[in-house]
Amino acid sequence: MPVDTRVASPDDAASLLLAWYDAHARSLPWRTPPGDATPPDPYRVWLSEIMLQQTTVAAVGPYFARFTARWPTVAALAAADEAALMAAWAGLGYYARARNLIACARAVVSEHGGRFPDTEEGLRALPGLGAYTAAAVAAIAFGRRAVVVDANVERVATRLFALAEPLPASRPRIRALADTITPTDRAGDFAQAMMDLGSSICTTRRPRCLLCPLAAPCQARAEGDPETYPVKPAKKAKPHRRGIAYWLEADGAVLLVRRPDKGLLGGMRALPGGGWSEIAEPAPPAEADWRPIGTVDHVFTHFSLSLDVMAAQFPAQSAIDLPDGQWWPVETIEQAGLPTLYARAAALGRAFIREVLPA
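Residues numbered from 1 in each chain as written. Predicted model: local features only at pLDDT ≥ 70, side-chain atom pairs only at ≥ 80, totals over all residues. Heavy atoms only, no water.

Undergrad: For the overall build of the protein chain, give the residues involved together with the corresponding values.
TA: Within the protein chain, the regular secondary structure consists of 13 helices and seven strands. Seen along its three principal axes, the alpha-carbon backbone of the protein chain occupies a region of about 75 × 50 × 30 Å. The burial tally for the protein chain puts 47% of its 359 residues in the buried class. The long-range fraction of contacts in the protein chain, counting pairs at least 24 apart against all pairs at least 6 apart in sequence, stands at 68%. Total accessible area computed for the protein chain in this model is approximately 17600 Å², and 53% of it derives from carbon and sulfur atoms. Treating the 37 positive side-chain charges of the protein chain as one cloud and the 37 negative ones as another, the clouds have centres 3 Å apart. (Helix = DSSP H or I, 4+ residues; strand = E, 2+ residues; numbered from the N terminus. Buried < 20%, exposed > 50% of the residue type's maximum accessible area, 1.4 Å probe, protein only. Contact = heavy atoms within 4.5 Å. Areas by Shrake-Rupley, 256 points an atom, 1.4 Å probe, with all protein chains shown as cover. Lys, Arg positive; Asp, Glu negative; His and termini not counted. Charge placed at Lys NZ, Arg CZ, Asp CG, Glu CD.)

Structure representation (structure tokens):
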């Protein structure tokens, strides 16, 4: 079906949506309410956008509060200890974002005098800021007219214009359509209004069309089945991989290693092991009486993983020469900042040593 862009003019869509946003904007700790004369803090806007990538608002809230209490400015974050930051990030996933977070903060301080660039082009030059994040920060923090398209905006735009082309091929067209309704004035409020609309009204399932400010011009609603948009290709089965993790305990401490900087969970502390392929049999970190104690199943974006966990005790740390490892007190393992996958494996190891092999 050809897209009829006349059903919602830029002025009509923007004015309808902004009027709704003025009355129904979500109250979020990183957001300046509509009509508030206080300018948004670019640091808080940027930090929230990085945290919100692939993560829900509800999950981000406590992390945002802890981060801004501990590192209240971009300068404070730039001076942060990387290990401490990675530990504080644990649970938000996508650890490359945490590495880019501190790299970006340092670039802002060293190259821009502690002030974020106020244009999309300048923001795109910073580490970790792609097209979406640069547009969002430019619009929300600096009021620049920018076309901000996340998953919520994709859903609203494809329904508004009944765009039948499937994702992801339709994304350039979605951006072009979003461009036609993006106003010059109140660009930041408009971007946040689109996000709020997609989050609370134009939801993936059972959209609340009777409450939608764009119900009248919405082509998908006129067709009678808005849930068919956006059109998505058939899902492909995720490949399944296997891996092994070793819980080696000695003198009340467990052996941890740091994963390579590049790749999944890069730079994070982890249990020794490896694999993550169809067949994985990495060598254990030491000769010991290894016992299988369980399997942790985890789903990443592009594959699922079954991590077999092995556990053993050693008489003393000094009996093992592992220059690349680190002995971490078992009683404070929660403070090691292990990613979720390894935190679950560590829970198995700790319980096994305590319950099955008591001292």
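Undergrad: Provide a residue-level description of unusual backbone geometry, including the pertinent values.
TA: Negative phi is the rule for most residues except glycine; trans is the rule for most peptide bonds. In this model, leucine 167 is joined to proline 168 through a cis peptide bond whose omega is 0°. Structurally, proline 168 is set in the loop between helix H9 (151-160) and helix H10 (171-181). A positive phi angle, near 50°, is found at alanine 162, a position not held by glycine. Within the secondary structure layout, alanine 162 lies in the loop between H9 and H10. Taking the relative accessible area as the measure of exposure, alanine 162 reaches 0% and is therefore buried. Its identity as a non-glycine residue notwithstanding, arginine 206 has a phi of 50°, on the positive side.

Undergrad: Tell me about helix H8 (residues 131-142), and name the residues and values.
TA: Over its 12 residues, H8 runs 16 Å from end to end, which matches the ideal 16 Å to within 8%, given 1.5 Å per residue. Along H8, nine of the 12 residues are buried, which leaves the element largely enclosed by surrounding structure. Along H8, the positions that sit buried rather than exposed are Thr133, Ala134, Ala135, Ala136, Val137, Ala138, Ala139, Ile140 and Ala141. At its buried positions, H8 is contacted by helix H2 (42-52), helix H7 (120-124) and helix H11 (187-200). Of the residues flanking the end of H8, it is glycine 143, one or two places downstream, whose phi is positive at about 70°. (Expected span 1.5 Å × (residues − 1).)

Undergrad: Kindly report on H11, identifying the contributing residues and their values.
TA: The first and last C-alpha atoms of H11 sit 20 Å apart over 14 residues, in line with the 20 Å expected at 1.5 Å per residue. Burial within H11 is extensive, with 12 of its 14 residues counted as buried. All of the buried residues along H11 are Ala187, Gly188, Asp189, Phe190, Ala191, Gln192, Ala193, Met194, Met195, Asp196, Leu197 and Gly198.

Undergrad: Describe the environment of tryptophan 327, listing the residues and the values that go with them.
TA: By secondary structure assignment, the location of tryptophan 327 is in strand E7 (residues 326-329). Separated by 76 residues in the primary sequence, tryptophan 327 and aspartate 251 place their C-alpha atoms 9.3 Å from one another.

Undergrad: Tell me what's going on with the packing of H2 against helix H6 (residues 95-112), and back it up with residues and numbers.
TA: Running from amino to carboxyl end, H2 crosses H6 at an angle of 165°, the nearest separation of the two axes being 10 Å. On the basis of the axis angle, H2 is roughly antiparallel to H6. The two elements H2 and H6 cross, and the hand of that crossing is right-handed. Within the contact between the two elements, H2 uses Trp46, Leu47, Ile50 and Met51 and H6 uses Arg97, Leu101, Cys104 and Ala105. Classifying every residue of the contact of H2 with H6 by side-chain character gives seven nonpolar, no polar and one charged. (Axes fitted to C-alpha atoms, helices over the stretch in contact; angles between N-to-C directions. Parallel < 35°, antiparallel > 145°, perpendicular 65-115°, else oblique. Left-handed = near helix turned anticlockwise from the far one by under 90°. Nonpolar A, V, L, I, M, F, W, Y, C, P; charged D, E, K, R; others polar.)

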